[in-house]
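Coordinates in review
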Amino acid sequence: MALDLQGFSELQSDLVAMALSLENGSGVDRALQAGAAPIEQQMLSNASSDPKIITGALHGSIHTDKVRQRRGGKQISIGVKHSEAGAYYANPVEYGHGGPAPAPAHPFVRPAFDARAEEAYGEIKRVLADELKKRS
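The rules behind these values
- Residues numbered from 1 in each chain as written.
- Predicted model: local features only at pLDDT ≥ 70, side-chain atom pairs only at ≥ 80, totals over all residues.
- Heavy atoms only, no water.
- Helix = DSSP H or I, 4+ residues; strand = E, 2+ residues; numbered from the N terminus.
- Buried < 20%, exposed > 50% of the residue type's maximum accessible area, 1.4 Å probe, protein only.
- Contact = heavy atoms within 4.5 Å.
- Areas by Shrake-Rupley, 256 points an atom, 1.4 Å probe, with all protein chains shown as cover.
- Expected span 1.5 Å × (residues − 1).
- Bend = angle between axes of the 7 residues up to and from the residue.
- Polar contact = N/O pair within 3.5 Å; in protein donor to acceptor, adjacent residues only side chain to side chain.
- Core = buried A, V, L, I, M, F, W, Y, C linked by side-chain atoms within 4.5 Å.
- Salt bridge = Lys/Arg side-chain N within 4 Å of Asp/Glu carboxyl O.
- Patch = residues over 30% accessible without salt bridge, like charges linked within 9 Å, V, L, I, M, F, W, Y side chains within 5 Å.
- Lys, Arg positive; Asp, Glu negative; His and termini not counted.
- Charge placed at Lys NZ, Arg CZ, Asp CG, Glu CD.

Let's shift gears to the overall build of the chain. The secondary structure content of the chain amounts to 5 helices and 4 strands. In the chain, the succession of α and β elements from N to C terminus is α-α-α-β-β-β-β-α-α. Counting all 136 residues of the chain, 26% fall into the buried class. Long-range contacts, defined as pairs at least 24 residues apart, comprise 59% of the intrachain contacts of the chain with a sequence gap of at least 6. For the chain, the exposed surface amounts to about 9400 Å²; the carbon and sulfur share of it is 56%.

So, on to helix H2 (residues 27-46). A rise of 1.5 Å per residue sets the reference length of H2, with its 20 residues, at 28 Å; its end C-alpha atoms lie 30 Å apart and thus fit the reference within 8%. Remark: the principal bend of H2, roughly 30 degrees, maps to alanine 37, with a proline, proline 38, within the next four residues.

Moving on, we get to the side chain of glutamate 131. Relative to the helices and strands, glutamate 131 resides in helix H5 (residues 110-135). A distance of 2.7 Å separates polar atoms of two side chains, one belonging to glutamate 131 and the other to arginine 30.

So, on to the nonpolar core. Listed in full, the 11 residues of the largest apolar core are Ile39, Met43, Ala47, Leu58, Ile62, Val80, Ala87, Ala90, Phe108, Ala112 and Ala120. Where this core is concerned, the elements lending two or more residues are H2 and H5. Val28, Ala36, Val67 and Ile76 belong to the second-largest nonpolar core, a separate cluster that totals 5 residues.

What follows is about the pattern of salt bridges. Within the structure shown, the criterion is met by 7 salt bridges. Notably, a salt bridge pairs aspartate 29 with lysine 74, separated by 2.8 Å at the nearest N-O pair. Separated by 45 residues along the polypeptide, aspartate 29 in helix H2 and lysine 74 in strand E3 (residues 73-75) bring together distant segments of the chain. Since its relative accessible area comes to 24%, lysine 74 is described here as partly exposed. For arginine 126, the salt bridge is made with glutamate 123, and the minimal N-O distance between the two is 2.8 Å. Here arginine 126 pairs with glutamate 123, and both are found in helix H5, just 3 residues apart, close to one helical turn. A relative accessible area of 23% means that glutamate 123 is categorised as partly exposed.

Turning to the environment of proline 92, a few remarks are in order. Structurally, the position occupied by proline 92 is in helix H4 (residues 90-95). What makes proline 92 partly exposed here is its relative accessible area of 28%. Taking the C-alpha atoms as reference points, proline 92 and histidine 106, separated by 14 residues in sequence, lie 8.5 Å from one another.

A separate point is a positive patch on the surface. Where like charges cluster on the molecular surface, the positive patch consists of Lys66, Arg68, Arg70, Arg71 and Lys81. With respect to the helices and strands, the residue arginine 68 is situated in strand E2 (residues 68-70). Residue arginine 68 is classed as partly exposed on the basis of its relative accessible area, which comes to 43%.

Structure follows, in structure tokens:
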């Protein structure tokens, strides 16, 4: 019994066209921004030991960068913007420090990613699916 399968070259060209459409448009950018939002929100929440306090230098220095082209793909960074006031003490807060008045670590970056990574991936998938539906 032999199977005759046809249409794979058309399927491949359609998939390439959809990928190029997402890449050349702003679909990938929107997906990355949507995925970054939950992690940034969690970082902001983690940066304060008191959830009612959402101001301060460290809190104000947490930002999501613009989407950038990197080595054949795109990337978005979420973290402490070092040009902001207060950013200088982000590392000692995250990792703790010694010295005359040692302080324990109060991580706010990695726990944010760990807590909200699945939600971020879900947002990326949702936006990409919406973008593909618009283009089909």
